[in-house]
Amino acid sequence: MAGRAFDVVIFGATGFTGKLASEHLTRRLAGDASLRWERFALAGRNREKLVAVRKRLEEISPRAKELQLLVGDGNSEEFLETMCKKTNVVLTYVGPYLKYSLPLARACVKYGTDYCDITGEAPYQVKIVEELHEEAKSKGVTLITSCGYDSIPFDVGTYGLVKHLRTKQKGGKIAIQTCTGPARGSASGGTIASAESFVGGPPLSPHCLDTQFLSSDVVEGKLPFNVGNFHNRSKSWLCPSIMEGVNQKVIYRSRGLMQDLYGVDFTWQQFTAVKTKFQLFAAKALMGVITFVLSNSFAKGLLLRTGVLPKPGEGPSEEILQSGFFNEFIYGSVGEYEAAVHVKGRRGDPGYKLTSAMSLHTALMLSQKDSLKGELNMLGGVLTPAACMGDLLWRKMADVDVTFELKENTSSLPIFDDKSN
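Our subject in this report is the structure included herewith.

Analysis parameters
- Residues numbered from 1 in each chain as written.
- Predicted model: local features only at pLDDT ≥ 70, side-chain atom pairs only at ≥ 80, totals over all residues.
- Heavy atoms only, no water.
- 1 Å grid on protein atoms, 1.4 Å probe; cavity = no way out; pocket = protein on both sides within 12 Å on 5 of 7 lines; lining within 4 Å.
- Points joined across faces, edges and corners; volume = space filled by probe spheres on them.
- Pairing = 2+ DSSP bridges.
- Helix = DSSP H or I, 4+ residues; strand = E, 2+ residues; numbered from the N terminus.
- Axes fitted to C-alpha atoms, helices over the stretch in contact; angles between N-to-C directions.
- Contact = heavy atoms within 4.5 Å.
- Parallel < 35°, antiparallel > 145°, perpendicular 65-115°, else oblique.
- Left-handed = near helix turned anticlockwise from the far one by under 90°.
- Nonpolar A, V, L, I, M, F, W, Y, C, P; charged D, E, K, R; others polar.
- Phe/Tyr/Trp six-rings, centres within 6.5 Å; stacked < 30°, edge-to-face > 60°.
- Buried < 20%, exposed > 50% of the residue type's maximum accessible area, 1.4 Å probe, protein only.
- Polar contact = N/O pair within 3.5 Å; in protein donor to acceptor, adjacent residues only side chain to side chain.
- Salt bridge = Lys/Arg side-chain N within 4 Å of Asp/Glu carboxyl O.

So, empty space enclosed by the protein
So, step 1. Enumeration over the complete set of coordinates arrives at one cavity of 30 Å³ or more.
So, step 2. The calculated volume of the largest cavity comes to roughly 30 Å³.
So, step 3. Lining the largest cavity are H207, F213, V218, V219, E220, G221, V264, D265, F266 and T267.

This is the structure we're talking about:
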């Protein structure tokens, strides 16, 4: 967008994940002479906190003082207009999104500004799809949702696997199972606050973001696996995953946006993999406790007051932040053919350090859409990471320690291998 002052504005730069993204941006600018410091800005409600964030960034590079600061509230139409008119892309970390981010998404569409977020809040995503997708598509404005650990590893990994399976068989039903393997990470107060929006609320269809499916006569067939089953390909027992309800909706939106590739009867499931039946029973019990706490205001409040759960603005320890990792194993089949993808995240807590890096990387690429247009799948509307730039993300996420590895022989991809840590 010619004539705008900024390529990317980080909105919510004083929050836990926003600070991490600002650090990634500073390191990226310090190491890439093609990017200009004055073309990036940090935004938030409190000038003193923004100044403090920038001062800390100057410890990474003295040139961080060239980053611009934008001060204003996300509920101020005047501020949102000013910010959106000045930048090509807003990368927002201001959540819970259903509570705070709708005015920003509306302003982005109104003023022709592209947008990225890291939300896993399906009610918010339903709202922006229903209200803004068609208008954004007609204006060529791109809103990419779920640009962090939820859901880039799952969405892009599935996209790459589906593309590969289609080279083996053009038609037929593709069935995917994602198994979360060894991982290390923690939760922040912001995530717990966001989780309240979808745990304990009215259930949403897995296809609630897949408007193509909702408007069709297709009836989803029986899913191939259930919690408690033994999964032969991964040699593991399948436990419930609290994040299936987040990632499944995003992947099904990708399916709807790219139906010719995925097919109408595509299925996607997510589980947590464990070695033994005893671990299976323990994990199911733990899932019940987590769901109860998140859906019970008294229990959650008690754990917040006693310090068991982090408050908004708090996050994992520095040790976990730097040493975290994840392994996602995505198994797929079409007809008689099988393949798998191993998604690895290294040197960072998945939900925070790696999420901030993945989302910033996505926003930077979206800001360069004119030069990258030949490598993008589509622009305009409320899109998923894979629908917009799946091939690009598959290749470029290695720059932020997230890699995708295709395995044609699923037996060569054991989940509980010492090398996966």
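Let's pick the thread back up.
Looking at the sheet that holds strand β5 (residues 114-117)
So, step 1. A sheet is described by the order of its strands in space; here seven strands give the open sequence β3-β2-β1-β4-β5-β6-β13, paired in parallel fashion. At either margin of the open sheet sits one strand with a lone partner, and together these are β3 (68-71) and β13 (381-383). Sheet twist, expressed as the average angle between the axes of neighbouring strands with direction ignored, equals 20 degrees.
So, step 2. Across the face of the sheet, helix α3 (residues 77-86) comes into contact with β1 (6-11), β2 (40-44), β3 and β4 (87-92) while running at roughly 120 degrees to β4.

Brief notes about the packing of helix α1 (residues 16-31) against helix α15 (residues 350-367)
Each pair of packed helices can be summarised by the angle the axes make with each other and by the distance between the axes.
So, step 1. The contact between α1 and α15 brings their axes to 8 Å, and the two run at 55 degrees. With respect to their mutual orientation, α1 and α15 come out oblique. Seen along the crossing, α1 lies across α15 with a hand that is right-handed. Where α1 abuts α15, its residues F16, T17, L20, A21, H24, L25 and R28 lie against Y352, K353, T355, S356, A357, L360, H361 and L364.
So, step 2. Here the residues of the contact of α1 with α15 sort into eight nonpolar, five polar and two charged.

Considering the packing of aromatic side chains
So, step 1. Here the structure, examined in full by the defined rule, presents nine aromatic pairs.
So, step 2. Note on F11 and F79: the rings are 6.0 Å apart at their centroids and 40 degrees apart in plane angle, and the pair reads as tilted. Placement of F11 in strand β1 and of F79 in helix α3 is noted, with a sequence separation of 68 residues between them. In this pair, the class of F11 matches that of F79, namely buried.
So, step 3. With centroids separated by 5.0 Å and ring planes inclined at 80 degrees, the aromatic side chains of Y262 and F266 adopt a geometry described as edge-to-face.
So, step 4. A relative accessible area of 1% places Y262 in the buried class.
So, step 5. Looking at F266, the relative accessible area reads 2%, which means it is buried.

Here's the deal with the environment of T410
So, step 1. Looking at where T410 falls in the secondary structure, it is placed in the segment after β14 (402-407).
So, step 2. It is 30 Å that separates the C-alpha atoms of T410 and V218, two residues lying 192 residues apart in sequence.
So, step 3. Setting aside residues no more than four positions away along its own chain, T410 makes contact with R233, Y331, E338, A339 and A340.
So, step 4. A distance of 3.5 Å separates polar atoms of two side chains, one belonging to T410 and the other to E338.

Regarding the pattern of salt bridges
So, step 1. Using the criterion set out here, one finds 18 salt bridges in the structure.
So, step 2. D32 is the salt-bridge partner of R28, the closest N and O atoms lying 3.5 Å from each other.
So, step 3. Given the relative accessible area of 18%, D32 is considered buried.
So, step 4. Of the charged contacts, one joins E338 and R233 as a salt bridge, the two residues approaching to 3.2 Å between their closest N and O atoms. On the criterion of sequence distance, the pair formed by E338 in strand β12 (residues 337-345) and R233 in the loop between β8 (230-231) and β9 (236-240) is long-range, its members being 105 residues apart.
So, step 5. You can call R233 buried: its relative accessible area is 19%.

Digging into the sheet that holds strand β11 (residues 326-334)
So, step 1. The mixed open sheet is built from seven strands, whose spatial order is β8-β9-β10-β7-β11-β12-β14. The open sheet is flanked by β8 and β14, the only strands paired with a single partner.
So, step 2. Relative to strand β10 (residues 267-274), β9 runs antiparallel, the two being bridged by four bridges. In the strand pairing of β10, W237 is matched with V274.
So, step 3. Its contacts with the sheet put helix α7 (residues 152-168) on β7 (174-180), β10, β11, β12 and β14, and the angle it makes with β11 is roughly 30 degrees.

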